[in-house]
Amino acid sequence: MNRLILFFLLLIATTGTAQIHEIGVFGGGSNFVGDVGETTYINPNEFAFGLVYKWNRSPRHAWRASASFAKITADDDRSKDASRQQRNFDFENTVKEIAVGLEFNFFEFDLHQLEQQFTPYVFLGLAYTQYDGLFYKEPNKPISDASHGTLSVPFALGVKTNLTERLILGFEVAPRYTFADNVDGSFPTNDGLKQLRFGNINSNDWYVFTGFTLTYTFGKKPCFCD
């Protein structure tokens, strides 16, 4: 995680100073969707937190980077699927993520303006996710084989408003689609463990962040004009 945070801080340091910047925190919940546990996409059951940075290029869009950490758990007992309930697997893992991408505001959100502003927004980007590879030799006892990494596609739908001239509060639901299927231990990649695979091999794992962002604006205020 320390390396991810260092990369995040270096990314901020290499950006220009001619635009308004935002830096702040994310706090909320996380949940997992895969071959173990429930399949409800918005169902936070563990805590997630992170750092957020935005480089506002106009009142309608900003480049955004984040470093996030979350615990994820899932339990077949909580699933509505009878076959999963009968199998009765559960697991616990952690994800560490660096993400970059573009945030687009549906309405103009001009940080020049002092009056109250509000806008829905969407975010789309690319991320690197680190997690522990798992496998099951016995039910309910997943074993970690090694640290794994995968690319993932983060996207978010949220709303935000300015609390003061410098503070911006947002709320978002942010799913992550990973290019991996072993976050829950259902598809171990080690050749010697292929016989332990289970579940849908054609469906990769998801995890979802749901929560609030609070950012502080700084830097030279630009003129958003031609």
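Scroll up to find the structure.
Keep in mind that what you see is a predicted model, and the values were worked out from it rather than measured. (Residues numbered from 1 in each chain as written. Predicted model: local features only at pLDDT ≥ 70, side-chain atom pairs only at ≥ 80, totals over all residues. Heavy atoms only, no water.)

## Quick look at the overall build of the protein
Moving on, step 1. Across its full length, the protein carries 2 helices and 8 strands.
Moving on, step 2. Helices and strands in the protein line up, N terminus first, as α-β-β-β-α-β-β-β-β-β.
Moving on, step 3. Buried positions account for 46% of the 226 residues belonging to the protein.
Moving on, step 4. Carbon and sulfur atoms provide 59% of the accessible area of the protein, an area that totals close to 11,300 Å². (Helix = DSSP H or I, 4+ residues; strand = E, 2+ residues; numbered from the N terminus. Buried < 20%, exposed > 50% of the residue type's maximum accessible area, 1.4 Å probe, protein only. Areas by Shrake-Rupley, 256 points an atom, 1.4 Å probe, with all protein chains shown as cover.)

## A word on a nonpolar patch on the surface
Moving on, step 1. Together, Phe 104, Phe 106, Phe 107, Phe 118, Leu 157, Val 159, Phe 171 and Phe 212 give the surface a local cluster of nonpolar side chains, amounting to about 760 Å² of exposed area.
Moving on, step 2. With respect to the helices, strands and loops of the structure, Phe 212 is situated in strand S8 (residues 206-218). (Patch = residues over 30% accessible without salt bridge, like charges linked within 9 Å, V, L, I, M, F, W, Y side chains within 5 Å. Salt bridge = Lys/Arg side-chain N within 4 Å of Asp/Glu carboxyl O.)

## What to know about the pairing of strand S1 (residues 20-33)
Moving on, step 1. Most of S1 is tucked away: 11 of the 14 residues are buried.
Moving on, step 2. The pairing of S1 with S8 spans 13 bridges and is classified as antiparallel. Residue Gly 29 lies in a different strand from S8, and its bridge partner there is Thr 210. (Pairing = 2+ DSSP bridges.)

## Focus on the pairing of strand S3 (residues 61-75)
Consecutive side chains along a regular strand alternate between the two faces of the sheet.
Moving on, step 1. Taken together, the 9 bridges between strand S2 (residues 46-56) and S3 define a ladder with antiparallel strand orientation. The residue of S3 that forms the bridge with Ala 48 is Ala 70.
Moving on, step 2. Direction of pairing for S3 relative to strand S4 (residues 90-105): antiparallel, over a ladder of 15 bridges. Counted as the bridge partner of Ser 68 is Glu 97 from S4.

## Quick notes on the environment of Thr 39
Moving on, step 1. By the secondary structure assignment, Thr 39 is in the loop between S1 and S2.
Moving on, step 2. Taking the relative accessible area as the measure of exposure, Thr 39 reaches 49% and is therefore partly exposed.
Moving on, step 3. Taking C-alpha positions, Thr 39 is 9.7 Å from Ala 74, a pair spaced 35 residues apart along the chain.

## Some thoughts on the sheet that holds S3
Moving on, step 1. Ordered in space as S1-S2-S3-S4-S5-S6-S7-S8, the 8 strands form a closed barrel in which the pairing is antiparallel. Pairwise comparison of adjacent strand axes, ignoring direction, gives a mean angle of 20 degrees for this sheet.
Moving on, step 2. Sheet analysis places S4 next to strand S5 (residues 118-136), joined by 10 bridges and oriented antiparallel. Each residue of the ladder has a partner; that of Gly 101, found in S5, is Gly 125. (Axes fitted to C-alpha atoms, helices over the stretch in contact; angles between N-to-C directions.)

## Observations concerning the pattern of salt bridges
Moving on, step 1. A full pass over the atoms with the stated rule returns 7 salt bridges.
Moving on, step 2. For Lys 54, the salt bridge goes to Glu 103, with nearest N and O atoms at 3.1 Å. Pair noted here: Lys 54 is in strand S2 and Glu 103 is in strand S4, with a separation of 49 residues, a long-range link.
Moving on, step 3. Its relative accessible area of 1% is what places Glu 103 among the buried residues.
Moving on, step 4. A salt bridge links Arg 87 to Asp 76; the nearest nitrogen and oxygen atoms lie 2.8 Å apart. Of this pair, Arg 87 sits in helix H2 (residues 82-87) while Asp 76 is found in the loop between S3 and H2, placing the two residues 11 residues apart along the sequence.
Moving on, step 5. Arg 87 gets classed as partly exposed once you look at its relative accessible area, which sits at 25%.

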